[in-house]
Amino acid sequence: MRVAKFLKHASSIFLLGGIAIAAVSFEVLSFGFWFIVFWGLLLTLATRLFANAGQILFEMRAELLRTVVNIERATYQSNAILREIRDLVDKES
């Protein structure tokens, strides 16, 4: 989660850095300026998408682990109940 948050903040830095480099290097109406701004926007988009995908995968993994733990706990409980039933049947016979 911290990495995703960091990447989301870094994407804004990419955009601002691209605009700053373009402003220093080129005139506002030149092709080079808008080309660098465009690449800054693409880096921002790619970083945000990567951060969101990582966050979704992290949440899916956490949910899967929670589900596996619940299944394991239910299995232990059902095994304990079966053991008690088996003991009761053995005592009666």
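Refer to the structure presented above.
To keep things clear, this report deals only with the structure shown in the data block. If you're wondering where the values come from, they're calculated on a predicted model, not measured in any experiment.

**Section: the side chain of Thr-47**
Here's step 1: As for its position among the elements, Thr-47 is in helix H2 (residues 31-92).
Here's step 2: Sequence-distant contacts of Thr-47, defined by excluding residues within four places in its chain, comprise Leu-7, Ser-11 and Phe-14.

**Quick word on the packing of aromatic side chains**
Working definition: an aromatic ring pair is given by the centre-to-centre distance plus the angle between the planes.
Here's step 1: One pass over the structure, following the stated rule, counts four aromatic pairs.
Here's step 2: When the ring of Phe-35 is compared with that of Trp-39, the centres are 6.1 Å apart and the planes differ by 75 degrees; the resulting orientation is edge-to-face. With a gap of four residues between them, Phe-35 and Trp-39 both fall in helix H2, about one helical turn apart.
Here's step 3: Take Trp-39: its relative accessible area is 43%, and that puts it in the partly exposed class.
Here's step 4: Taken together through their ring pairs, the aromatic side chains of Phe-31, Phe-35, Phe-38 and Trp-39 make up a single cluster.

**Points about the pattern of salt bridges**
Here's step 1: Inspection of every chain in the model, using the stated rule, returns one salt bridge.
Here's step 2: For Arg-66, the salt bridge goes to Glu-63, with nearest N and O atoms at 2.5 Å. Placement of the pair is Arg-66 and Glu-63 together in helix H2, with a separation of three residues, close to one helical turn.
Here's step 3: Here Arg-66 falls in the partly exposed class, since its relative accessible area comes to 46%.
Here's step 4: Look at Glu-63 and you get partly exposed, because its relative accessible area is 43%.

**As for the packing of helix H1 (residues 2-25) against H2**
Here's step 1: At a minimum axis distance of 8 Å, the contact between H1 and H2 shows a crossing angle of 180 degrees. Here H2 runs roughly antiparallel to H1, going by the angle between their axes.
Here's step 2: Taken together, the residues of the contact of H1 with H2 break down into 15 nonpolar, eight polar and two charged.

**Here we look at H1**
Here's step 1: Between its first and last C-alpha atoms H1 spans 34 Å; for 24 residues at 1.5 Å apiece the expected length is 34 Å, and the two agree.
Here's step 2: Of all the residues in H1, the buried ones are Ala-4, Leu-7, Ala-10, Ser-11, Gly-18 and Ala-22.
Here's step 3: On its buried side, H1 packs onto H2.

The rules we used
- Just so you know, the residues in each chain are numbered from 1, in the order the chain's sequence is written.
- Restriction of local features to residues with pLDDT of at least 70 applies here, the model being predicted, together with a cutoff of 80 or more for giving and counting side-chain atom pairs; totals for whole chains, interfaces and linings are based on all residues.
- For the side-chain quantities, the full set of heavy atoms in the structure was used; hydrogens and water were omitted.
- Only DSSP runs of H or I with at least four residues qualify as helices, and only runs of E with at least two residues qualify as strands; both kinds are numbered from the N terminus onward.
- Contact criterion: two residues are considered in contact whenever any of their non-hydrogen atoms come within 4.5 Å of each other.
- Pairing of aromatic rings covers Phe, Tyr and Trp, the last counted by its six-membered ring, and requires centre-to-centre distances within 6.5 Å; plane angles under 30 degrees mean stacked, over 60 mean edge-to-face, and any other angle means tilted.
- Partly exposed residues are those whose accessible area sits between 20% and 50% of the maximum for their type, while under 20% is buried and over 50% is exposed, using a 1.4 Å probe and protein chains only.
- Here, a salt bridge means any Lys or Arg side-chain nitrogen found within 4 Å of an Asp or Glu carboxyl oxygen.
- Axis definition: a line fitted to C-alpha atoms, over the contacting stretch in the case of helices. Angles run 0 to 180 degrees between N-to-C directions.
- Here is the rule for angles: anything less than 35 degrees is roughly parallel, anything more than 145 is roughly antiparallel, 65 through 115 is roughly perpendicular, and the remaining ranges are oblique.
- Polar here means any residue outside two lists: the nonpolar Ala, Val, Leu, Ile, Met, Phe, Trp, Tyr, Cys and Pro, and the charged Asp, Glu, Lys and Arg; Gly therefore counts as polar.
- Here the expected span of a helix is defined as 1.5 Å times the quantity of residues minus one.

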